[in-house]
Each structure stands twice: as structure tokens, then as C-alpha cells.
Amino acid sequence: MDIDDLSGSVLIDLDVEGLTPEIPKQEKSEFSTTRKCYSYIKKRTFATFVASKKVLSAPSDALPLWVCCDETFSDPCSIHKHISNLHADEIEQLTTAALDLMLSQSESEEDADESQSKDMSSWIPDISHVSEEELSKGPGEVLLYYCYCQIQDPKLICAWQNELCSKLHLTGKVRVATEGINGTVGGTKTATSLYIKAMLSHPIFKVMQVEDFKTSEGNAECFTELKVGVYKEIVPMGVDPDIISYRLAGTHLEPEEFHKQVQSLLEDGSSKTDTLLLDCRNFYESRIGQFKNCLAPDIRKFSYFPDYVDKNLDLFRNKKVLMYCTGGIRCERGSAYLRSKNVCKEVYQLKGGIHKYLEQFPEGFYRGKLFVFDERYAISFNDDIISDCRYCGAPWDQYRLCSTDFCCQLVLSCPSCRQKGLTACCPVCQAKEKITSYSSSHGRAHREECECTDSRPRIPNDTL
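Residues numbered from 1 in each chain as written. Predicted model: local features only at pLDDT ≥ 70, side-chain atom pairs only at ≥ 80, totals over all residues. Heavy atoms only, no water.

Caption draft 1: The arrangement of the nonpolar core in detail. Judged by nonpolar contacts, the single largest core of 32 residues is most densely connected at Leu 168, Tyr 195, Met 199 and Phe 205. Going through the elements one at a time, strand 4 (140-148), helix 6 (154-167), strand 5 (171-177), strand 6 (180-188) and helix 7 (189-201) are the ones with two or more residues in this core. By residue number, the principal contributor to this core is helix 7, which donates six residues. With near-sequence residues (within four places) excluded, Met 199 lies in contact with Tyr 145, Trp 160, Gln 161, Ile 181, Phe 205, Met 208 and Phe 213. (Core = buried A, V, L, I, M, F, W, Y, C linked by side-chain atoms within 4.5 Å. Buried < 20%, exposed > 50% of the residue type's maximum accessible area, 1.4 Å probe, protein only. Helix = DSSP H or I, 4+ residues; strand = E, 2+ residues; numbered from the N terminus. Contact = heavy atoms within 4.5 Å.)

Written out as C-alpha cells, the structure reads:
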């Protein structure tokens, strides 16, 4: 049969609009990647193709028959094998056509959603019933979230976020790009509740759920200001998202399944295991908290991660990799980059990150503090201290900024050492501290140059 005729006979019966699998709401994000949609559509296409070869037989209780390529088949296994062996190319073409059609319909819906959201005022919640005191005083929290989705007008969403957060007295950081949004904001629980409600009401972010917003103790004082901007990437990996997309991410594992996988790895205890537990955070994050027996790269910024992978491909060759990060967003791009190298046997990532894991397993296999990018520096779910004071070696895991004006490094210096004046990140900076005229004679921007940074390559700054 000609492929055009075949396409007409099969796709006419294929419900493209209903191709999204009927799965529990909390698992819908698992099917957000093109790769997973393609796999699902292929199964549906194959089933529809097989159904198109079925012939009616009488009487009604007779066994079903299929006719294809002038052959008659009386059992499902034989027709399935025949189509798999002889019609693979047609199935592939039909699947691609169905996927393209579905994506084009989805883009049309997104365009419609975008046009509906041009009036920002309709997406600002009514707070006439809320007092200023409720928005600025009282119990607070910090929200951590991200959402990969297509945003046609990032500047519009950026302006909306600025207005929304300002009105709710929220501080923090929000990154917006054509690939989605990434934010961490702090304020009163009244304000954060209204913020979540506004986010879930926006048509662009309707794929999100309440569970996607991770919460921790804090308030607006955890951040010095509100910073909302438009960027190329919502997490700065330094690789064009059009080249390495989040759609190629590894398989998500719920915290319960990830816990089981780590448990199996630890119980195995073999040096020849084919499983690798990979922390894709920065070295100063993994220093104060990490999963047992993990591989923690010595990288200072996530944008160094691709280079680390490129230089250590043999570490990942033929391995099953279990990746994790703080909230999950770095794993989305990091796992996609690792998969693009085609060296791993399998790549999995912890859904919701360490944050969600610790909510369920505070005494699990992650020990120590969880580093956060705000004035708190870390949050605690267990009492373990796995790091030491830089100067005396005593157990210590509370970061402070280097005391040298021209350094932005973090330092672990215990109270005893700080009382002795040991407050810099390294001897080079400590020496600068003794030169009282150093900071006053250099009226230029901060430069992170010391022993801590000499060995770490620089990357271009993010641009708005």
C-alpha cells in the first residue's frame, strides 16, 4: 500500500488530540518531553495500524482475522511480528506525522494562551481583602520552583512577575526564558499562597501543580532584593537550549524509587558496580551535604558541568547514572547533556531534587545540610555535619562570605577561628585583609581572584 494511502487509512482513525496518555495528574510532567511523547504515539500508531488490518468475520463468535500483504493471520502475535518486521518504516513515518500534527496543535494552543495573557492585570490576584500587614508580617516561607514550557514573550512574563512579586511584597530571584521559568521567592505565607494561586491560574503555567512549589522556612529577608530578568537559559549551563533541550532529559524517579536505587547501590558495595550516583551541583554545595558514595564533581558553577562531562566520559561509559541536584532543574539540562554523549547505559534523575527527597526521607541516604542560594546559605533536615572548618578542621558547616572586599567566595570558619581573625577563604585573601588600603584604593567591581579561583576557569557572564 502507498504510504500516502496508508497514512490516510491509519491517521484518520488515530485520535491525535487525545494522544496525551491518561495518567494520574501528579505524573503528567513525566510525559512533557518529546522523546516520551514519541514513544507513546508510536505505540498508539502501531495499535491503530494493526487494527486497520483486521477483517470482519462471521459468525460473531469466530476468531479474529487480520489480512496484510496478501497473508491471513489468526492470532495477535503473528500479525504483530509481521508488522514489526515488514512495516517498521511505515510505522516510523506515521508516528512522525502524528507527532508533528500534535505538536503543531499544541503550539497553536500556546499561541492562543499567550494572546489571552497580554493583559497582565487579569493575572494579578485581587488582594483587596488582604491587609498590608498580612503581606509583610507574620509566618513566612521560601518557595523554590521551575517550569519548562514554551514562552513566546518572555519580556511580558518578566513584567508580570515583577508586578506580581512587588504587589505581594516578595523578594528573590526569577529567571524567565523562552524555555520556561525558574524562581525562588520569599515572603509571608499569605503572600506565597497568593503567588502560587496566580501562577497556577496563568494559562502558560497550567501544567504546574501545587506540589511543584517546594517550601522551606524563611521569609522576604532571605533575599536582599527582588531580581527578575529575561535570560537565554532558566538555569545557566552555558549550552544553547536549542541544541541541548530539556526535552532530552533522563528518566525521572520519584523520591521513593530513587531511595530504593541508592539503597541497592549501597548494599551492593562492589567497586565494579555499573551504577553511578552523580551530584551535579557545585563543590561548595556537596561539601556540606551529599548522598553517600556519590561522585561530586569539583566544579564551581553549573556552567562547568558540560566541560566536566566531556573530560570524564570514561567515568560514565556503560553506566547507569543516578543524578540529583537541589530542586531538579539542573538535572533536566544536565541529564540531557549527558545523554547526548551516548556513553551511558541509562540516565535517571531525582524528581523534585534533594528538597523533595528530604521531605520524605529526612534520615535517608542524604546526609548533612542542603545548600540554598540565599542569605540562609543552607537548610537542615538532619543533624549530621559532614564538613570541617577550613582552618582548624573541627566539624563545621555554616558558610559565611569571605571577609575580603574583593572576593565573593564562601568560607567555612568556625567561631573559634573567626575570633582569631581567620575569616577569609584562603591565605591570599587573608593577607589582603591586613592591607587596610587595599579596598579603598581599588574603586572597581568585585573580582574573585585568589587561591580558590585560580584553578577554576572563567565563563562568560549571563546576559539579559
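Here the narrative resumes, following the displayed structure.
Caption draft 2: Summary view of the pairing of strand 13 (residues 346-350). For strand 13, the tally of buried residues reaches four of five residues, placing the bulk of the element in the interior. Pairing between strand 9 (residues 251-253) and strand 13: three bridges, direction parallel. By the bridge assignment for strand 13, Thr 251 is matched with Tyr 348. Two elements, strand 12 (residues 320-324) and strand 13, share four bridges in a ladder whose sense is parallel. The residue of strand 13 that forms the bridge with Met 323 is Gln 349. Note on the crossover from strand 12 through helix 12 (residues 329-340) to strand 13: the handedness is right-handed. (Pairing = 2+ DSSP bridges. Right-handed = clockwise from strand over helix to strand, strands pointing away.)

Caption draft 3: Layout of the environment of Leu 278. Residue placement: Leu 278 occurs in strand 10 (residues 275-279). The spacing of Leu 278 and Tyr 324 is 46 residues in sequence and 6.5 Å in space, taken between C-alpha atoms. Ignoring sequence-local partners within four residues, the contact set of Leu 278 consists of Leu 295, Pro 297, Phe 305, Phe 316, Val 321, Leu 322, Met 323, Tyr 324 and Leu 338.

Caption draft 4: Summary view of the environment of Leu 401. Structurally, Leu 401 can be placed in strand 17 (residues 399-401). Of the residues examined, Leu 401 reaches a relative accessible area of 45% and is grouped as partly exposed. For the pair Leu 401 and Ser 413, spaced twelve residues apart in sequence, the C-alpha separation works out to 10.0 Å. Setting aside residues up to four positions removed in sequence, Leu 401 forms contacts with Tyr 377, Cys 408, Gln 409, Leu 410, Val 411 and Thr 423.

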